[in-house]
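Residues per chain are reported as follows:
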Amino acid sequence: MKKDYVIWGGCALLFLVGAIWGMAWTPKDFFRVQSIHDALDIVAALATVLGVFAALYQLNSWRKQQASGNDHALAVRAAAIVNDREYHIKRIWIIVAVIHFGIAHSKIKENAPAPSSFLELSKSTVDEFRKGAPLLKSISFECEMFWGAEYVRPLAELIKVSDLCVQYLDQFKSFASGGPTSILGGGDLDSLDRVWGELEQLGLTNNGEVIAYVNSRTRGFVDVLRREFISSTRRS
């Protein structure tokens, strides 16, 4: 939109400069038409100028239509991806919480092998989550390139939660995946506590808080897309 103002402003200034130059330096008989051929040449020149302005107008209209269509397609794709990842983010946090509280309530003990059920749960959860995780980061980057960082701030917050949950489960798998003889040492548990502490700093300590956090970011982002890029008024 700003570029359109620059184009039309430049055209207006060019016309104004030409008019001032003509009044300052034009001889008295400059506008006197000597013959019909001169008159036709003047008409042809005016028609050319008007044609240029018409072409510029059509070009700007076409560019706006193309940009609107691109925005709409990207917004629809982004909304679909974010809505899909909403469930997966909530689920992976639940698994992290199960393991964390299992440790806290001595179901997973220090200097003892981790139960195989917890290990298998963490592995299957991370593997499933990673199948779709790159989509969220990819669409976030694409939206930022088109619309700016302000639009994707909710996605950045969702990605941060996702990364912390994956980090927690990855560390748990690494510490406990050595078989029956593999034990969780005090240092291992401290490392897991540090990751959980970062989730606590975000206010994500129970399921209700996580649901509210993820829903607000997901729906807030999708509502903006619907209002600004997907709605029929925007497309028109």
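Below: a short report on this structure.

The rules behind each value
- Per chain, the residues get numbers from 1 upward, laid out in the order the sequence is written.
- With pLDDT at 70 or above as the cut-off, local features in this predicted model cover only qualifying residues; side-chain atom pairs require 80 or more to be listed or tallied, and sums for whole chains, interfaces and linings still use all residues.
- Only hydrogens and water are set aside; all other atoms, that is, all heavy atoms of the structure, feed into the side-chain values.
- Under the DSSP-based scheme used, a helix requires at least four consecutive residues in state H or I and a strand at least two consecutive residues in state E, with every element numbered from the N terminus.
- Residue burial is assigned from relative accessible area. The probe radius is 1.4 Å, only protein chains are included, and a residue is buried under 20% of its type maximum, exposed over 50%, and partly exposed in between.
- When checking whether two residues touch, look at their non-hydrogen atoms; a contact exists if any pair is within 4.5 Å.
- The working definition used for a salt bridge is a side-chain nitrogen of Lys or Arg within 4 Å of a carboxyl oxygen of Asp or Glu.
- Only the contacting stretch of a helix is used when fitting its axis, a line to C-alpha atoms as for every element, and angles between N-to-C directions run 0 to 180 degrees.
- Two helices cross in a left-handed way if the nearer one is turned anticlockwise from the farther one by less than a right angle. They cross in a right-handed way if the turn is clockwise.
- Put simply, Ala, Val, Leu, Ile, Met, Phe, Trp, Tyr, Cys and Pro go in the nonpolar bin, Asp, Glu, Lys and Arg in the charged bin, and everything else, Gly too, in the polar bin.
- Each aromatic pair joins two rings of Phe, Tyr and Trp (for Trp, the six-membered one) with centres within 6.5 Å, and gets the label stacked for planes under 30 degrees apart, edge-to-face for over 60, and tilted for any other angle.
- The criterion is that NZ of a Lys, or CZ of an Arg, lies within 6 Å of the ring centre and within 35 degrees of the ring normal, and then a charge sits over that ring.

**Observations regarding the overall build of the protein chain**
Part 1 of the reasoning: Per the secondary structure count, the protein chain includes 7 helices and 0 strands.
Part 2 of the reasoning: Put simply, the protein chain runs from its N terminus to its C terminus through helices and strands in the order α-α-α-α-α-α-α.
Part 3 of the reasoning: When burial is assessed residue by residue, the protein chain has 34% of its 236 residues classed as buried.
Part 4 of the reasoning: In the protein chain, the share of contacts with a sequence separation of at least 24, taken over all contacts with a separation of at least 6, comes to 80%.

**Considering the pattern of salt bridges**
Part 1 of the reasoning: For the structure on display, the rule yields 11 salt bridges.
Part 2 of the reasoning: The shortest N-O distance in the salt bridge between E150 and R153 comes to 3.0 Å.
Part 3 of the reasoning: The exposure class of R153 is partly exposed, given its relative accessible area of 47%.
Part 4 of the reasoning: Overlapping salt bridges bring together R130, D170 and K173 as one network.

**Re the packing of helix α4 (residues 153-176) against helix α6 (residues 207-230)**
For any two helices packed against each other, one specifies the crossing angle of their axes together with the interaxial distance.
Part 1 of the reasoning: In contact at an axis separation of 9 Å, α4 and α6 are set at 145° when each is read in the N-to-C sense. The way α4 lies across α6 gives a crossing that is left-handed. Residues P154, L155, E157, L158 and V161 of α4 touch α6, and the partners they reach there are Y213, V214, R217, T218 and F221.
Part 2 of the reasoning: The residue makeup of the contact of α4 with α6, split by class, is 7 nonpolar, 1 polar and 2 charged.

**Focus: the packing of aromatic side chains**
Part 1 of the reasoning: Here the structure, examined in full by the defined rule, presents 5 aromatic pairs.
Part 2 of the reasoning: With a centroid separation of 5.7 Å and an interplanar angle of 75°, the aromatic rings of F101 and W196 are classed as edge-to-face. Residue F101 is found in helix α2 (residues 36-104), and its partner W196 is found in helix α5 (residues 186-201); the two are separated by 95 residues along the sequence.
Part 3 of the reasoning: The partly exposed category is assigned to F101, whose relative accessible area is 35%.
Part 4 of the reasoning: Taken together through their ring pairs, the aromatic side chains of W93, F101 and W196 make up a single cluster.
Part 5 of the reasoning: The cationic tip of R85 hangs over the ring face of F129; the distance from NZ or CZ to the ring centre is 4.7 Å.
Part 6 of the reasoning: Above the plane of the ring of Y213 lies R217, whose end atom (NZ or CZ) is 3.7 Å from the centre.

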